Amino acid sequence: MDDSSLTRLGAGKYLLVTTYRKNGTPVATPVWVIRDGDTLGVWTAADSWKVKRVRNRADVLVGPCDLRGNPTGEQVPATAEICDPATTGRYRRLIARKYGIVGRLTLLGSRLRRRVDGTVGIRITLTS
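This structure is a prediction, so every number in the text was calculated from the model and none was measured.

## What about the pattern of salt bridges?
Moving on, step 1. The tally for this structure, following the rule as stated, stands at three salt bridges.
Moving on, step 2. Of the charged contacts, one joins Arg-90 and Asp-36 as a salt bridge, the two residues approaching to 2.6 Å between their closest N and O atoms. One end of the pair, Arg-90, is in helix H3 (residues 85-114); the other, Asp-36, is in strand S3 (residues 34-36), with 54 residues separating them in the sequence.
Moving on, step 3. Classification of Asp-36 as buried rests on a relative accessible area of 16%.
Moving on, step 4. The residue Arg-123 makes a salt bridge to Glu-81 at a minimum N-O spacing of 3.4 Å. With a gap of 42 residues between them, Arg-123 in strand S7 (residues 119-126) and Glu-81 in strand S6 (residues 76-82) connect regions that are remote in the sequence.

## With respect to the sheet that holds strand S2 (residues 26-32)
Moving on, step 1. Within the open sheet, the seven strands sit side by side as S2-S1-S5-S6-S7-S4-S3. Their pairing is antiparallel. Each of the sheet's edge strands pairs with one partner strand only, and the pair in question is S2 and S3. Sheet twist, expressed as the average angle between the axes of neighbouring strands with direction ignored, equals 40°.
Moving on, step 2. Across seven bridges, the pairing between strand S1 (residues 14-20) and S2 is antiparallel. Across the sheet, residue Tyr-14 finds its bridge partner in S2, namely Trp-32.
Moving on, step 3. Those strands touched by helix H1 (residues 3-11) are S1, S3, strand S4 (39-45), strand S5 (59-64), S6 and S7, and its axis lies near 140° from that of S3.
Moving on, step 4. Along the sheet face, helix H2 (residues 49-56) touches S1, S2, S4, S6 and S7 and points at about 100° away from the line of S6.

## Some thoughts on the state of the cysteines
Moving on, step 1. Here the structure, examined in full by the defined rule, presents zero disulfides.
Moving on, step 2. Among the cysteines around Cys-65, which has no disulfide bond, Cys-83 carries the closest sulfur, lying 19 Å off.
Moving on, step 3. Judged by relative accessible area, which is 7%, Cys-65 ranks as buried.

## With respect to the packing of aromatic side chains
Moving on, step 1. Evaluated as defined, the whole model comprises one aromatic pair.
Moving on, step 2. Between Trp-32 and Tyr-99, the aromatic rings sit 4.3 Å apart at their centres with planes inclined by 10°, giving stacked as the arrangement. Note that Trp-32 is positioned in strand S2 and Tyr-99 in helix H3, a separation of 67 residues in sequence.
Moving on, step 3. A relative accessible area of 16% places Trp-32 in the buried class.
Moving on, step 4. Among the residues examined, Tyr-99 registers a relative accessible area of 10% and is labelled buried.

About the cut-offs
- Residues numbered from 1 in each chain as written.
- Predicted model: local features only at pLDDT ≥ 70, side-chain atom pairs only at ≥ 80, totals over all residues.
- Heavy atoms only, no water.
- Salt bridge = Lys/Arg side-chain N within 4 Å of Asp/Glu carboxyl O.
- Helix = DSSP H or I, 4+ residues; strand = E, 2+ residues; numbered from the N terminus.
- Buried < 20%, exposed > 50% of the residue type's maximum accessible area, 1.4 Å probe, protein only.
- Pairing = 2+ DSSP bridges.
- Axes fitted to C-alpha atoms, helices over the stretch in contact; angles between N-to-C directions.
- Contact = heavy atoms within 4.5 Å.
- Disulfide = S-S within 2.5 Å.
- Phe/Tyr/Trp six-rings, centres within 6.5 Å; stacked < 30°, edge-to-face > 60°.

Now the structure itself:
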């Protein structure tokens with residue numbers, strides 16, 4: 001996958017991540033996104049349905065979207081994997097830096113509600 005897609009998706013405010021149920025039904029969810037080297041990173045509740053779907057099936061579609069999850073560009077194939085605690089922590093710091101005060105307040109609220117291990121990072125690697 002070309003670097004321009006990675007740069008464009010990583011620079012966007014929201015990423016639409018489409019995961020698949022066991023029966024193949026696609027489920028699209030808008031999430032905050034950061035670029036992490038050759039991959040994209042997102043952060044979510046550890047017990048969310050998207051985490052369960054990624055554990056069952058790693059192939060996803062990703063693309064730019066607005067706050068409500070309406071696509072604003074091409075959706076491209078990718079693979080997703082659940083991150084270890086160290087990577088999840090790095091994603092939290094990158095999100096705090098990118099999203100400023102709103103990001104920091106969201107991270108704080110999540111930590112108070114769910115504790116640190118209540119959220120996970122998802123690493124997304126674009127495929128060609």
